[in-house]
Amino acid sequence: FSPRQLPFSLPLNPVVTATEKIISKPGDNATLSCIYHGRELHLKNLRVYWQINDDRDKCSVVHALISGQDNESEQCVHFKNRTRLFWDRLEGGDFSLLLLNVSQSDEHTYECVVLQKAEYTKLIHQARVVLSLAASYSQPVLGGPVNSDSTGEEVTFSCRSGNGYPKPSVYWINKTDNSHLHPSELNFTLHTNGTYSVFSTLKVKATSNMEIECSIENTVLQENMSANYTQHSNRSTESHKTLEKSGHGARAAGIVATVILVGVAAVLICRLWKRRSSRLVSYR
């Protein structure tokens, strides 16, 4: 029989475990949990179905175990050779499913249905798992104008990040007043492993003090990666250089003054010594 036809008796209040939510990276393997904590089971009397719960209009059978053997007759083509049960755990009530090489099309709510056949077929366990895909984006690389004398001119910033999923939200922020800026360009590239790269540019008129931030947000993982660009005015730089030069000048003047004082002291000492020597000679 097929799980779509449900030709088995349902208890009045079938026990369904709390829906589990898991996140997997595109291209990785995902384990969908389904564990029955009951009496000892005999596989020959069981039928276990993993099926898609949120899209029954299409083929819904992900994996089927009938009388202790895998049954591929009703399995969706999309899942062929991509599902595994843990055979050493089945008799202990662990009917978890290993889904190989997950991709965007695998994002569904999955349902595990365990049926036991005795005098009649009855449902003994049911579990649901929501599978979402996500991957962290790399630290953004932010590029900006090199020329510090560009005040009043239009300048271009660029921001890139990669190896993430799903498509991120990209924000450009003027940190001087925390206002949001509109990107001039925003492009996404889908890679063969299912992850995305993002590239964005921003064109603005340069000011004497610029603080620009590029932020990459992954809403599924609730992660926010950012990079900052800071440029201060030339005047402040020049004044810093002037102060630095004046500091060097003051130190040099101090050294010269010290040398002069030492020289004067030496001359005075020499004169006093000569006078004392001449007096000693006259006494003799």
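Overview of the structure. Given the structure is predicted, the values throughout are model-derived calculations rather than measurements. (Residues numbered from 1 in each chain as written. Predicted model: local features only at pLDDT ≥ 70, side-chain atom pairs only at ≥ 80, totals over all residues. Heavy atoms only, no water.)

1. Section: the pairing of strand E15 (residues 196-205)
This is how it is decided: Think of it in three bands: with a 1.4 Å probe and only protein chains considered, a residue is buried below 20% of the maximum accessible area for its type, exposed above 50%, and partly exposed in between. Strands here mean DSSP runs of E at least two residues long; helices mean DSSP runs of H or I at least four residues long; both are numbered from the N terminus. Any two strands are treated as partners once DSSP identifies two or more bridges connecting them.
Burial analysis of E15 places seven of its ten residues in the buried class, the great majority of the element. By the bridge criterion, nine bridges tie strand E11 (residues 154-164) to E15 in an arrangement that is antiparallel. Along E15, the bridge assignment pairs Ser 161 with Val 198. Relative to E15, strand E14 (residues 185-190) is paired through six bridges, and the arrangement is antiparallel. Directly across from Phe 188, in E15, lies its bridge partner Val 198. With antiparallel pairing between neighbouring strands as the criterion, E14 and E15 make up a hairpin whose turn holds five residues, including Gly 194 at a positive phi of roughly 95°.

2. Section: the sheet that holds strand E1 (residues 20-24)
Judged by pairing direction, the sheet is mixed, and its six strands sit side by side in the order E1-E9-E8-E3-E4-E5 without closing on themselves. At either end of the open sheet lies a strand with only one pairing partner, and these are E1 and strand E5 (69-70). Note: E1 against strand E9 (residues 121-133), five bridges, orientation parallel. Note that in E9 the partner of Ile 23 across the bridge is Ser 132.

3. Digging into the side chain of Ser 197
As a reminder of what qualifies: In protein, a polar contact requires one atom able to donate a hydrogen and another able to accept it; more generally it is a pair of N or O atoms within 3.5 Å, and residues adjacent in sequence count only if both atoms are side-chain atoms. Throughout, a contact is declared for two residues whenever any of their heavy atoms are within 4.5 Å.
With respect to the helices and strands, Ser 197 occurs in strand E15. Here His 191 takes part through its side chain, which lies 2.6 Å from a polar atom of the side chain of Ser 197. If sequence neighbours within four positions are ignored, Ser 197 has contacts with Ser 161, Gly 162, Asn 163, Asn 187, Phe 188, Thr 189 and His 191.

4. Some details on the pattern of salt bridges
Here is the rule: Whenever a carboxyl oxygen of Asp or Glu lies within 4 Å of a side-chain nitrogen of Lys or Arg, that contact is scored as a salt bridge.
According to the stated counting rule, one finds four salt bridges in the structure shown. In this structure, Arg 89 and Asp 94 form a salt bridge, with 3.6 Å as the shortest nitrogen-oxygen distance. Put simply, Arg 128 and Glu 111 hold a salt bridge, and the shortest N to O gap is 3.2 Å. Taken together, the positions of Arg 128 in strand E9 and Glu 111 in strand E8 (residues 109-117) put the pair 17 residues apart, joining distant regions of the chain. You can call Arg 128 partly exposed: its relative accessible area is 26%.

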